[in-house]
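Coordinates in review
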Amino acid sequence: MSTNLDAIALGDRLRKVVWQLSSEPHIWAALLVAALAWLLPVSYLQRPRKKLPPGPPVWPIVGSLAYLGGELHDALWGLSKKYGDVMRVGLGQHTLIVVSGAEAAEELMKRRDSEFCDRSGRTIQRSAARYIGIDSMDIAFSDYNPHLRMLRKLCTSELFTLSRLQASSELRAGEIRVLLGTFRKHADMGKAIEVRECFHTLTMNVMCLLMFGKRYHGADVPVTVELESFKSLIMDVFDTVGRLNLSDLIWCLRPFDFQGINRKWKHIRVRIENLFSMIIEEHRQRRRQGNSSPDDKDDFVDVLLPYQEKDALSEKAIIGLLSDMLLGGTDTTATTLEWCMVEVLRNPEMMRRMQEEIDSVVGKEKGIEESDISRLPFLNAFVKEVIRLHTPLPLTLPRLNDKASTLGGYYIPPECTVFVNVFAIAHDGRYWERPMEFNPDRFMGSAVSLTGNDFQLIPFGSGRRKCVGITLGMTMVQRTLASLVHSFDFAPVEGVKPHEVDVSGRYLLVLRNDVPLKLTATPRLPAHVYHSSASR
Ligand code: HEM
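Where an unreviewed UniProt entry is consulted, the protein chain appears under the name Cytochrome P450, with the organism given as Riccia sorocarpa.

Here's what the structure looks like:
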């Protein structure tokens, strides 16, 4: 009986509360806000989530750094086998998107090229952009803005035109002759040759002659402190640029520079600016003194100065451009040449096949000319296969998307750093039969080109950020290799068998062979050819 009475009393009280609440609108409003506050996070959590690419675990602060041991391109390749062609990796506070398949690379560099074409201090290479990219005033570290478009246009319409390339053929011939002379000298003395130094000297001198009309390294160049330090400067940049800089990746480490990379960068930038300012000023003086006419276009600085005089180009931009050319055009080409010689030593029968081909086209009484190259199909196939197997730049330079986008069906948040793992694609069994085998014949009669249209092989990148120096780089590699195998028989140093020549690579932005290559050379042409002007 008492239970019934209690229930009636409780019902009355509830009715009263509801009646009171209905007369208090602010209480209703408060309840509504509370309900929304509860519902909104629930609906946020339950909303269909944007699908991010898969990838290794991303830990607070360090991201996925723990999964990136060893050579970077190799570690990323290994992870992509587990996570797929479009993968997300945390690098400190940055999100890295890694593309490891030809189809995804085509989507990135062709169909979505305009969405992923920035490359500034917002990528993981923040400090390099600032110091080496001269505050992103160069090409390689600049966003895809009007300034960059103007610089790239200058490259295609002025600096790397076909006519300028043909006009500089003599200059390359001269430097290749110097190289052959060095090899010949070693051969005559029965000494082994360490090729890395020789190829760096060759490519640096060619680039310096093209850019400022001076050789910058070699026996005949007077050694001043500036010139000596110039060479070590280049090597410093190469040794530093491929390292992950923790101060760039983890913001709380920014003030500390534990690895000393920023300190090194700052020092290098001062030296780059001093050296190039000095060279630019020399050219300016020469122009003022009337030693060159206003339309004198002997070297790159001569081409660029009139643009500066018209206020179309700042001095910083000229320095940035020159710095890019020197950094982009020397180590890449020299390293590719070193890999070529590794494969020449490992495959003596292919060396003989190239020699027979050259002998039949050029003969043994004169040197190689650039116009001969297109008539050497096996040599060209050999170079392509070297570039495929030893991929000089295993990862493209980083790209960045300003706005959110998609790739491979995944959502890509804004401001991700995107790499294409060119190495992984070039070694992928989906595109290449027996991909780890060195087999130039795979390119004989094949239409696959290196110019960025065949996405299973993109050693120079593709799209609006592709390499501006492809023709120059390829011409240098093909002509130098042809001249070398035409002029000498090569063999490994005593005690090393061809198959024992080391092929392990080290990622330093370019993929260098770990053990600097040593070889022996035996001249195979009549003596007069080495001295004659015919090798021009
Ligand atoms: C064998 C030689 C070379 C190789 C393998 C090579 C490779 C590459 C690659 C992979 C890229 C990045 C492309 C991308 O991200 O899509 C690049 C960019 C670049 N390369 Fe080369 N390169 C070579 C020679 C040269 C030469 C000779 C020069 C100039 C003299 C040069 C200047 C540049 C510049 C300025 C960029 C930046 C382009 C941009 O950001 O818009 N490279 N190169």
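What follows is about the packing of aromatic side chains. What the rule picks out here adds up to 11 aromatic pairs. Ring geometry for F160 versus F300: centroids 5.6 Å apart, planes at 85°, classification edge-to-face. Here the residue F160 occupies a position in the loop between α6 (146-159) and α7 (162-167), and F300 occupies one in helix α13 (residues 300-309), the gap between them amounting to 140 residues. Assessed through its relative accessible area of 2%, F300 is described here as buried. Their ring planes at 45° and their centres at 5.7 Å tell us that F488 and Y530 sit as a pair that is tilted. Here Y530 lies in helix α19 (residues 527-531) and F488 lies in strand β8 (residues 488-492), a separation of 42 residues in the sequence. Y530 shares its class with F488; the two are buried. Across the ring face of Y307, the terminal group of K310 is positioned such that the distance to the ring centre comes to 4.8 Å. Against the face of W432 rests R388, its NZ or CZ located 5.4 Å from the ring centre.

Another point: the coordination of the iron atom of the ligand. What the protein offers the iron atom of the ligand as a donor is a single atom, C467 (SG), at 2.3 Å. Along the chain, C467 turns up in the loop between α17 (422-426) and α18 (470-487).

Attention shifts here to the pairing of β8. Taking every second residue as pointing to the same face, the buried face of β8 carries F488, F490 and P492, while none of D489 and A491 on the other face is buried. Pairing between β8 and strand β11 (residues 518-523): 5 bridges, direction antiparallel. Across the sheet, residue P492 finds its bridge partner in β11, namely L519.

If you trace the 4 strands from one edge of the open sheet to the other, you get β1-β2-β7-β4, paired in mixed fashion. Unpaired on one side and paired on the other, β1 (86-91) and β4 (399-400) mark the two borders of the sheet. Bridge analysis of β1 against strand β2 (residues 94-99) gives 6 bridges, and the strand direction is antiparallel. Bridge pairing links V86 to V99 in β2.

The next thing to look at is the UniProt feature "binding site: heme" (unreviewed entry) in the protein chain. What UniProt calls "binding site: heme" (unreviewed entry) maps, in this numbering, to C467. Using a relative accessible area of 33% as the deciding quantity, one classes C467 as partly exposed.

Before going further, it helps to spend a moment on the packing of helix α8 (residues 169-189) against helix α9 (residues 195-212). Where α8 contacts α9, the axes come no closer than 10 Å and their chain directions differ by 160°. Looking at the two axes, α8 sits roughly antiparallel to α9. Judged by the sense of rotation from one axis to the other, the crossing of α8 with α9 is right-handed. Contact residues: L171, R172, E175, I176, L179, T182 and F183 in α8; V195, C198, F199, L202, N205, V206, L209 and L210 in α9. Within the contact of α8 with α9, the residues separate by chemical class into 11 nonpolar, 2 polar and 2 charged.

On to helix α16 (residues 377-390), then. Between its first and last C-alpha atoms α16 spans 20 Å; for 14 residues at 1.5 Å apiece the expected length is 20 Å, and the two agree. With 13 of 14 residues buried, α16 is to be regarded as a mostly interior element.

Around the ligand sit 28 residues, and of these R119, R152, P459, R465 and C467 come closest. With respect to the ligand, the backbone of G328 contributes an N or O atom lying 3.3 Å from a nitrogen atom. R465 places a side-chain nitrogen or oxygen 3.0 Å from an oxygen atom of the ligand. When each cavity is represented as a set of grid points, the ligand is found to reside in the largest cavity. The element that contributes the greatest number of residues to the shell around the ligand is helix α14 (residues 315-346), accounting for 6 residues. Residues belonging to the shell around the ligand are distributed by class as follows: 13 nonpolar, 10 polar and 5 charged.

With that settled, consider the environment of I373. You can see I373 is positioned in the loop between α15 (348-362) and α16. Given a relative accessible area of 8%, I373 falls into the buried group. Linking I373 and P413, residues 40 residues apart in sequence, is a C-alpha distance of 46 Å. Residue contacts for I373: discarding those within four places in its chain leaves I368, N380, Q478, R479 and A482.

Here we come to the side chain of D248. Along the polypeptide, D248 turns up in helix α11 (residues 246-249). Non-local contacts of D248, meaning those with residues more than four positions away in its chain, are made with H94, I124, Q125, R126, S127 and R254.

Here the focus is empty space enclosed by the protein. Applying the stated rule across the entire model yields 6 cavities of 30 Å³ or more. Lining of the largest cavity is provided by 45 residues; of these, G328, T332, L393, L397 and C467 occupy positions nearest its centre. Every element with two or more residues in the lining of the largest cavity is listed here: α10 (225-241), α14 and α18. In terms of residues, the lining of the largest cavity owes the most to one element, α14, which gives 9 residues. Classifying every residue of the lining of the largest cavity gives 27 nonpolar, 11 polar and 7 charged. One number sums up the size of the second largest cavity: a volume of about 150 Å³. What lines the second largest cavity is a set of 15 residues, and nearest its centre among them are Q125, V241, R243, L244 and N245. Only α10 and α12 (261-288) provide two or more residues apiece to the lining of the second largest cavity. For the lining of the second largest cavity, the residue count by class is 9 nonpolar, 4 polar and 2 charged.

Quick notes on the rules
- Residues numbered from 1 in each chain as written.
- Predicted model: local features only at pLDDT ≥ 70, side-chain atom pairs only at ≥ 80, totals over all residues.
- Heavy atoms only, no water.
- Phe/Tyr/Trp six-rings, centres within 6.5 Å; stacked < 30°, edge-to-face > 60°.
- Helix = DSSP H or I, 4+ residues; strand = E, 2+ residues; numbered from the N terminus.
- Buried < 20%, exposed > 50% of the residue type's maximum accessible area, 1.4 Å probe, protein only.
- Lys NZ or Arg CZ within 6 Å of the ring centre and 35° of its normal.
- Donors = N, O, S within 2.8 Å, 3.2 Å for Na, K, Ca; no water.
- Pairing = 2+ DSSP bridges.
- UniProt positions renumbered as here; feature names shortened; annotations may be inferred.
- Axes fitted to C-alpha atoms, helices over the stretch in contact; angles between N-to-C directions.
- Parallel < 35°, antiparallel > 145°, perpendicular 65-115°, else oblique.
- Left-handed = near helix turned anticlockwise from the far one by under 90°.
- Contact = heavy atoms within 4.5 Å.
- Nonpolar A, V, L, I, M, F, W, Y, C, P; charged D, E, K, R; others polar.
- Expected span 1.5 Å × (residues − 1).
- Near = heavy atom within 4 Å.
- Polar contact = N/O pair within 3.5 Å; in protein donor to acceptor, adjacent residues only side chain to side chain.
- 1 Å grid on protein atoms, 1.4 Å probe; cavity = no way out; pocket = protein on both sides within 12 Å on 5 of 7 lines; lining within 4 Å.
- Sits in = over half its atoms within 2 Å of the grid points.
- Points joined across faces, edges and corners; volume = space filled by probe spheres on them.

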